[in-house]
Amino acid sequence: MKLGIVGLPNVGKSTLFNSLTKAGAESANYPFCTIDPNVGVVAVPDERLDKLAEMYHSKKVVPAVIEFVDIAGLVKGASKGEGLGNQFLGNIRETDAIIHVVRCFEDSNIVHVDGSIDPLRDIETINIELIFSDIEVLDRRFAKQKKLANNNKEAAKEVAFIEKLKAFLEEGNLAKNYECRDDDEKAFMNEYNLLTSKPVIYAANVAEDDMADDGQSNEFVAKVRKYASETASEVFVVCAQMEQEMSELEEEEKAAFLEDLGVTSSGLDKLIAASYELLGLISFLTAGEKETRAWTITKGTKAPQAAGKIHSDFERGFICAEVINYKDFIECGGYSQAREKGLLRLEGKEYVMQDGDVVEFRFNV
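Draft legend 1. Focus on the pairing of strand 5 (residues 97-103). With seven of seven residues buried, strand 5 lies mostly within the body of the structure. Burial along strand 5 is two-sided: Ala-97, Ile-99, Val-101 and Arg-103 and Ile-98, His-100 and Val-102, pointing in opposite directions, are all buried. As paired strands, strand 1 (residues 2-6) and strand 5 are joined by four bridges and run parallel to one another. Bridging across to strand 5, Ile-5 finds its partner in Ile-99. Where strand 5 lies against strand 6 (residues 200-205), six bridges are found, and the strand directions are parallel. Bridge pairing in strand 6 places Ile-98 opposite Val-200.

Shown next as structure tokens:
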């Protein structure tokens, strides 16, 4: 899973990135301190892997991972050359979703580029820059296909589609809200990989005092939550500064720190939960002496396609899957005990994988 982080300068974007990845991207109280796209890869915490690895004395544990791409803070007019952020928007075109960090805290020591705190205005500013960037992509594609349109029906259809989509964006709409008329339009849309067609997770960045009640008493957070619910987006509340401080602690110290604050989940935990929910993802598990591993798939994936995540031969020669729920597996203490109790199931090609399935695939190529 690959997530792109966007936001205005001084909203806590790079601070959050640093805390999530411990990559040390420069952050300071002035715009454009992040002038190169920063990339960090983070393991998805999953205590199920640790227990399975302990049971099998696994030589290697491989968790699912998330790749974060942090770009320079965008400002109004970025698409027309203002600031530095627009130079790097291309770096997040290949991401699965966008994390939009929104400032929901007051602090006279940290300057806001627009002089006041207004999360909805900030969201609109970023959306407009993303729309302009998408229009640039469409303009380039239009120029290319227009040359072919006279002698090519497919190109002519695409030119007509681009004209409609561009007009839709120019009205201030996001590409993800455009209703494609047929499979051809859906194919065109997927090919363009537009920024405004991507799902969005809003990170409402608050002061530490707002963490105990998950930002329930913060009026700015309430506005972001309302906007997110109206736009089919996810939102999570985070204190980026606190997360960065916690990133320096050992796991036990971190747990004690969260407990003292009355907080049950770290920012990374919340972000992972929001990401999996928004993108419709689950994990299945494989375990053995050589390796214990989590594999990320979309909800609704059938057993052969899940097997293909491990190796294409597994999918091509799929025979069946030996499956057991993780909880049952741990309670039984292993495959042989689970088999004796009749909890280990043989599933065929139509089996839809479930989160937490512990599985062994049988195949023959």
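Having seen the structure, we can now continue with the description.
Draft legend 2. Here's a closer look at the sheet that holds strand 2 (residues 38-43). Spatially, the six strands line up as an open sheet ordered 2-4-1-5-6-7, and their pairing is mixed. Only two strands of the sheet have a single neighbouring strand rather than two, namely strand 2 and strand 7 (234-238). Between one strand and the next, the sheet's axes are offset by a mean angle of 25 degrees, whatever the strand orientation. Relative to strand 4 (residues 65-70), strand 2 runs antiparallel, the two sharing six bridges. Bridged to Val-41 within strand 4 is Glu-67.

Draft legend 3. Expanded view of the side chain of Ser-58. In this structure, Ser-58 sits in the loop between helix 2 (47-56) and strand 3 (61-62). Ignoring any residue separated from it by four or fewer positions in sequence, one finds Ser-58 in contact with Leu-52, Ala-53, Gly-288, Glu-289, Glu-291 and Thr-292.

Draft legend 4. Up close: the pattern of salt bridges. Within the structure shown, the criterion is met by 23 salt bridges. With a closest N to O distance of 3.7 Å, Glu-291 and Lys-60 form a salt bridge. Of this pair, Glu-291 sits in the loop between strand 8 (281-286) and strand 9 (292-298) while Lys-60 sits in the loop between helix 2 and strand 3, and the two are 231 residues apart along the sequence. Taking the relative accessible area as the measure of exposure, Glu-291 reaches 21% and is therefore partly exposed. The salt bridge partner of Glu-230 is Lys-226, with a shortest N-O separation of 2.7 Å. Of this pair, Glu-230 and Lys-226 both sit in helix 6 (residues 219-230), four residues apart, which is roughly one turn of the helix. With respect to class, Glu-230 is no different from Lys-226; both count as exposed. Shared partners join several salt bridges into a network, and the residues in it are Asp-46, Arg-48 and Asp-355.

Draft legend 5. Broad picture of the confidence of the model for the chain. When the pLDDT values of the chain are averaged, the result is 87; 90% of them are 70 or greater. By mean pLDDT, strand 2 is the weakest element of the chain at 83, and helix 10 (residues 303-310) is the strongest at 96. Ignoring residues within four places in sequence, the model shows residues 28-35, a span with pLDDT below 50, making 23 contacts including any to other chains.

Draft legend 6. A look at the packing of aromatic side chains. Taken as a whole, this structure holds eleven aromatic pairs when the rule is applied. Each member of the aromatic cluster is reached from another via a ring pair, and the members are Phe-161, Phe-168, Tyr-178, Phe-188 and Tyr-192. The ring of Trp-295 carries Arg-293 above its face, with NZ or CZ at 4.2 Å from the centroid.

Thresholds, definitions, all that
Residues numbered from 1 in each chain as written. Predicted model: local features only at pLDDT ≥ 70, side-chain atom pairs only at ≥ 80, totals over all residues. Heavy atoms only, no water. Buried < 20%, exposed > 50% of the residue type's maximum accessible area, 1.4 Å probe, protein only. Helix = DSSP H or I, 4+ residues; strand = E, 2+ residues; numbered from the N terminus. Pairing = 2+ DSSP bridges. Axes fitted to C-alpha atoms, helices over the stretch in contact; angles between N-to-C directions. Contact = heavy atoms within 4.5 Å. Salt bridge = Lys/Arg side-chain N within 4 Å of Asp/Glu carboxyl O. pLDDT = per-residue confidence, 0-100. Phe/Tyr/Trp six-rings, centres within 6.5 Å; stacked < 30°, edge-to-face > 60°. Lys NZ or Arg CZ within 6 Å of the ring centre and 35° of its normal.

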